[in-house]
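One-letter residues, chain by chain:
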Amino acid sequence: MATVVNCAAYENGRRVTDLDINDPEQMKPRAGRVIWIGLHEPTQDVLIKLQGYFGLHDLAVEDAYRAHQRPKLEVYGETLFVVMKTGQFVGEHVAMGETCFFIGKGYVISVRHGPSMGYADVRARCENAPEKLKKGEDFIVYALMDFIVDRYFPIIDHLEELVEDLEERVFSGTEERDALEEIAELRRDLLEMRHAVAPLPEICQRLMRYDVPIIDANTHPYFRDVFDHSHILLERIDALREMVKTVVESKMLLNAMKQNEVMKKLAAWAAMLAVPTAVTGIYGMNFVHMPELDWTYGFYATMVFIAIICAGLYWRFRKAGWL
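All chains use their own residue numbering, which begins from 1 and follows the written sequence. A pLDDT threshold of at least 70 governs which residues receive local features in this predicted model, and a stricter bar of 80 or more applies before side-chain atom pairs are shown or counted, although totals over entire chains, interfaces and linings include all residues. To obtain the side-chain values, all non-hydrogen atoms of the structure were used and water was disregarded.

**Observations regarding unusual backbone geometry**
Trans is the common state for peptide bonds, and a negative phi is the common state for residues other than glycine. Using the following cut-off: Numbered from the N terminus, helices here are DSSP runs of H or I no shorter than four residues, and strands are runs of E no shorter than two.
You will see that E41, though not glycine, has its phi angle at about 45°, which is positive. Assignment of secondary structure puts E41 in the loop between β3 (33–40) and α1 (44–54). The phi dihedral of A67 falls on the positive side, at around 60°, and the residue is not glycine. Along the chain, A67 turns up in the loop between α2 (58–66) and β4 (72–76).

**Re the sheet that holds β4**
Heads up, the rule is: One bridge is not enough; two strands pair if DSSP finds at least two bridges between them. Whenever a helix is involved, its axis is fitted only over the stretch in contact; in every case the axis is a line through C-alpha atoms, and angles between N-to-C directions fall within 0 to 180 degrees. By the convention used here, residues are in contact when the closest approach between their heavy atoms is within 4.5 Å.
With mixed pairing, seven strands are arranged side by side in an open sheet as β2-β1-β3-β7-β6-β5-β4. Every interior strand has two partners, whereas the edge strands, β2 (14–18) and β4, have only one. Across the sheet, the mean angle separating the axes of adjacent strands is 25° when strand polarity is ignored. Across the sheet, α2 touches β4, β5 (79–90), β6 (93–104) and β7 (107–113), and the angle it forms with β6 is around 155°. Contacts between helix α7 (residues 200–207) and the sheet are confined to β4 and β5, with β4 contributing the most and set at about 30° to the helix.

**Section: the packing of helix α8 (residues 220–283) against helix α9 (residues 298–320)**
Operational definition: Put simply, angles under 35 degrees are roughly parallel, angles over 145 are roughly antiparallel, angles from 65 to 115 are roughly perpendicular, and the rest are oblique. Two helices crossing with the near one rotated counterclockwise from the far one by less than a right angle form a left-handed crossing, whereas a clockwise rotation gives a right-handed crossing. Residue classes follow a fixed rule: Ala, Val, Leu, Ile, Met, Phe, Trp, Tyr, Cys and Pro count as nonpolar, while Asp, Glu, Lys and Arg count as charged, and any other residue, Gly among them, counts as polar.
Interhelical geometry of α8 versus α9 gives an angle of 165° and a closest axis separation of 10 Å. Classified by the angle between their axes, α8 and α9 sit roughly antiparallel to one another. The interaxial crossing formed by α8 with α9 has right-handed handedness. Where α8 abuts α9, its residues A268, W269, A271, M272, V275, P276 and V279 lie against T302, F305, I306, I309, C310, L313, Y314 and F317. Partitioning the contact of α8 with α9 into residue classes produces 14 nonpolar, one polar and no charged.

**Structural notes on the pattern of salt bridges**
Selection criterion: Any Lys or Arg side-chain nitrogen located within 4 Å of an Asp or Glu carboxyl oxygen qualifies as a salt bridge. Accessible area is worked out with a 1.4 Å probe on protein chains only. A residue is then buried under 20% of its type maximum, exposed over 50%, and partly exposed in between.
Counted by the stated rule, this structure contains 14 salt bridges. Across the salt bridge formed by R188 and D189, the nearest N and O atoms sit 2.8 Å from each other. Notably, a salt bridge pairs D211 with R209, separated by 2.8 Å at the nearest N-O pair. The class for D211 is exposed, based on a relative accessible area of 53%. Overlapping salt bridges, with partners in common, bring together R15, D18 and E127 in one network.

**Digging into a nonpolar patch on the surface**
Heads up, the condition is: Each patch is assembled from residues with relative accessible area greater than 30% and no salt bridge, linking like charges that lie within 9 Å and nonpolar side chains (Val, Leu, Ile, Met, Phe, Trp, Tyr) that lie within 5 Å. Under the convention used here, a 1.4 Å probe and the Shrake-Rupley method define accessible areas, while residue burial counts only the protein chains that appear.
On the surface, a cluster of nonpolar side chains totalling about 480 Å² of accessible area is made up of I282, Y283, M285, F287 and L293. Topologically, M285 is positioned in the loop between α8 and α9. For M285, a relative accessible area of 40% gives the class partly exposed.

So this is what it looks like as structure tokens:
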């Protein structure tokens, strides 16, 4: 089937055989053997078939088929159901996918949806470390979770570079396009990442509790490592969100300062234009008896008076920094 990426059985940490998902005999759990199945956007028929083999819970199967779940850990009897978000850059934006894990005695099933990298590298690393792989299902779950969390770091690094570049351009006034549009896109990407990372510390803490089935106490340090990484990511995301908020406030403040400078210039020029407007307005009135109407040098004296007043105003505004 096209949706089955890989299906293999492992004993003592070593791959012993590939399995046919359509063969019920091969899919029966056995003592000392772990079946690791990787699916990519499977059909409902495939999930129902696996439900029949391993007794998966109806609600977990429905969530794995429909996807669009928040990261979570659910315990259904002796089966664990884990949902995690995956992320990668598509163009200049973060695209989020989803992976669900079914973990039970003798099997691990991963169901991948949306944009995400395959888990072939995880499987290869585990197969190259049989001493760790023979720990069983819980180590496979750790390896998958660790891979997903590690893939968050390059995304955060790139977002950090974008925020720093945007901050530099905003303060230098050299942004090529409307910075507010870019800020909105960054805030959306950071919010998506926060929604993906924020539940992970709680999930890891629950996996380290002794009342959770399947997970052995010997693997608790591994999940503690995932907990630490997710906590670091969450702190970096929150710091970046604060930086974006600072950039927004700085952008608005710089715009207000620029507008204030423009208003100062407009006010200064308006004050200087008010002098000739007032004088010429007065002498534009249709009265017969007005001072200096019959004076030979009246026009020139008026022009000189206007020029002196305007020059004085210009000097004062220049000295005050308005022009």
